[in-house]
Amino acid sequence: MTLLEQMHRQPAMVIMNGNHVTEQLVADVISYLGGSPLVAEDFRDDEALVPLASAVALNMGTVSEESHKRLIHLGRFANQNQKPVVFDPVGAGASKLRKEQALAIMEAVSVKVVRGNLSEIAALLSGEQSRLGIDSTSEADAVQTALDYARCSKAWVVISGAVDTVSDGQRVFQIDNGHPYLAKNVGMGDALDGILALGLAQAATFEAFVRVAAILPVAADLAMKEGTVEGPASFKTSLLDHLYQLNDDELTKTAKIQEVSLA
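Residues numbered from 1 in each chain as written. Predicted model: local features only at pLDDT ≥ 70, side-chain atom pairs only at ≥ 80, totals over all residues. Heavy atoms only, no water.

**Brief notes about the packing of helix α2 (residues 23-32) against helix α9 (residues 188-199)**
Applied cut-off: Only the stretch in contact is used when fitting a helix axis, every axis being a line fitted to C-alpha atoms; angles between N-to-C directions are given from 0 to 180 degrees. Numbered from the N terminus, helices here are DSSP runs of H or I no shorter than four residues, and strands are runs of E no shorter than two. By convention, the crossing between two helices is left-handed when the near helix turns anticlockwise from the far helix through less than a right angle, and right-handed when the turn is clockwise. Two residues form a contact once any of their heavy atoms are found within 4.5 Å.
Packing of α2 against α9 brings their axes to within 8 Å, and their N-to-C directions diverge by 40°. Crossing of α2 against α9: the hand is right-handed. Contact residues: α2 offers Leu25, Val26, Val29 and Ile30, while α9 offers Met188, Asp190, Ala191, Gly194, Ile195 and Leu198.

Next comes the structure, spelled out in structure tokens:
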């Protein structure tokens, strides 16, 4: 079976925790792609639930002392049960506290995938400060930033932007799909976190994982082709419909994935 066919025919559970602003959107996206989302707030549930999951998505969107401890506990429990962890260091470049918490999570938890915008990943790599909170203001080179942070963190790195950049520390791919309305809809990065976590159940190789990373921006392109989108709100509805309807042939034909030459 191919990637999206597997996602729909072999349902996988994704445990997510950390951003109360976007939980509904992330859960819907996971469900539309054939997965089973579950929000895990109470550490007393971890022993029963984490072994059932295919992956765990940690999101730093809602920051507090207790939520920070919760993310570390859940991440460590996922590690103990050999479940891959996707981590989103939301706003890591926006404040000293967020950067310190993100770095602490990366130190305490073995993370399979780090997904953020350029400012967030640059903050983890070099301490760069964002001028717009959770939005990216970095002028760093996305290819070099993804490559360098993948090498030092030993994680697969996804940098979201007008062109998405994905690296495993040895290779870099860029995905030239998507639309500015993705950025206008708060939480689309978190939705991608959920897709990446779900995709890890089927993506055994880095190349397959890059295809998973293309699913959301490809659905955005298909939504805009419909001709019915009038703004960010109607775009969101069309995007979610296209995520549900997306098949492997459409993904292959529409995805603009190119490996970057590092020579």
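**Focus on the confidence of the model for the protein chain**
Defined as follows: Confidence scores here are pLDDT values: one per residue, from the predictor, ranging 0 to 100.
Per-residue pLDDT for the protein chain has a mean of 92; in total, 95% of the residues score no lower than 70. Every residue in residues 131-136 scores below 50 in pLDDT, and together they form 14 contacts with partners more than four places removed in sequence or on other chains.

**Concerning the pairing of strand β8 (residues 172-175)**
Put simply, the test is: A pair of strands counts as paired when DSSP detects no fewer than two bridges linking them.
Relative to β8, strand β7 (residues 164-167) runs antiparallel, the two being bridged by 4 bridges. Opposite Asp164, over in β8, you have Ile175 as the bridge partner. What sits between the antiparallel neighbours β7 and β8 is a turn of 4 residues, in which Gly169 has the positive phi angle 95°. Examined bridge by bridge, β8 and strand β9 (residues 257-259) share 3 bridges and lie antiparallel to one another. Across the sheet, residue Phe173 finds its bridge partner in β9, namely Glu259.

**Quick look at empty space enclosed by the protein**
The test is simple: A cavity here means a set of points on a 1 Å grid, drawn over the protein atoms and nothing else, where a 1.4 Å probe fits but cannot get out; a pocket is an open set with protein on both sides within 12 Å along at least five of seven lines, and a residue lines either one if it has an atom within 4 Å of a point. Grid points are joined across faces, edges and corners, and a volume is the space filled by probe spheres set on the points.
A full pass over the atoms with the stated rule returns 2 cavities of 30 Å³ or more. Roughly 130 Å³ of volume is contained in the largest cavity. Met16, Asn17, Asn19, Val26 and Asn59 are, among the 14 residues lining the largest cavity, the residues nearest its centre. Listing elements by their share of the lining of the largest cavity, those giving two or more residues are β1 (13-17), α2, β3 (55-59) and α9.

**What about the sheet that holds strand β5 (residues 113-117)?**
Taken together, the 9 strands give an open sheet; going across it, the order is β2-β1-β3-β4-β5-β6-β7-β8-β9, and neighbouring strands pair in mixed fashion. Single-partner strands in this sheet number two, and they are β2 (36-39) and β9. Ignoring which end each strand starts from, the neighbouring axes of this sheet average 20° apart. Examined bridge by bridge, β1 and β3 share 4 bridges and lie parallel to one another. Of the residues in β3, the one forming a bridge with Ile15 is Val56. In the packing of helix α7 (residues 142-153) onto the sheet, contacts are made with β5, β6 (156-160), β7 and β8, and the angle to β6 comes to roughly 150°.

**Side note on the layout of surface pockets**
Filter applied, for reference: Amino acids outside the nonpolar list (Ala, Val, Leu, Ile, Met, Phe, Trp, Tyr, Cys, Pro) and the charged list (Asp, Glu, Lys, Arg) are all regarded as polar, and Gly is one of them.
Of the pockets and cavities examined, the largest pocket occupies roughly 850 Å³. If you go around the largest pocket, you meet 33 residues; those closest to its centre are Arg115, Ser160, Leu182, Ala183 and Gly189. Contributions of two or more residues to the lining of the largest pocket are made by β5, α6 (118-126), α8 (181-184), α9 and α11 (215-225). For the lining of the largest pocket, the leading source of residues is α9, giving 4 residues. Class assignment for the residues of the lining of the largest pocket results in 13 nonpolar, 13 polar and 7 charged.

**Topic: the pattern of salt bridges**
The criterion, for reference: A carboxyl oxygen of Asp or Glu within 4 Å of a side-chain nitrogen of Lys or Arg is what we treat as a salt bridge. Only protein chains enter the accessibility calculation, which uses a 1.4 Å probe. A residue is then buried if its area is under 20% of the maximum for its type, exposed if over 50%, and partly exposed in between.
Inspection of every chain in the model, using the stated rule, returns 11 salt bridges. For the salt bridge of Glu5 with Arg9, the shortest nitrogen-to-oxygen distance reads 3.3 Å. Placement of both Glu5 and Arg9 in helix α1 (residues 3-9) is noted, with a separation of 4 residues, approximately one turn of the helix. Take Glu5: its relative accessible area is 28%, and that puts it in the partly exposed class. The exposure class of Arg9 is exposed, given its relative accessible area of 60%. Residues Glu100 and Lys96 are paired through a salt bridge, measuring 2.5 Å at the closest nitrogen-oxygen approach.

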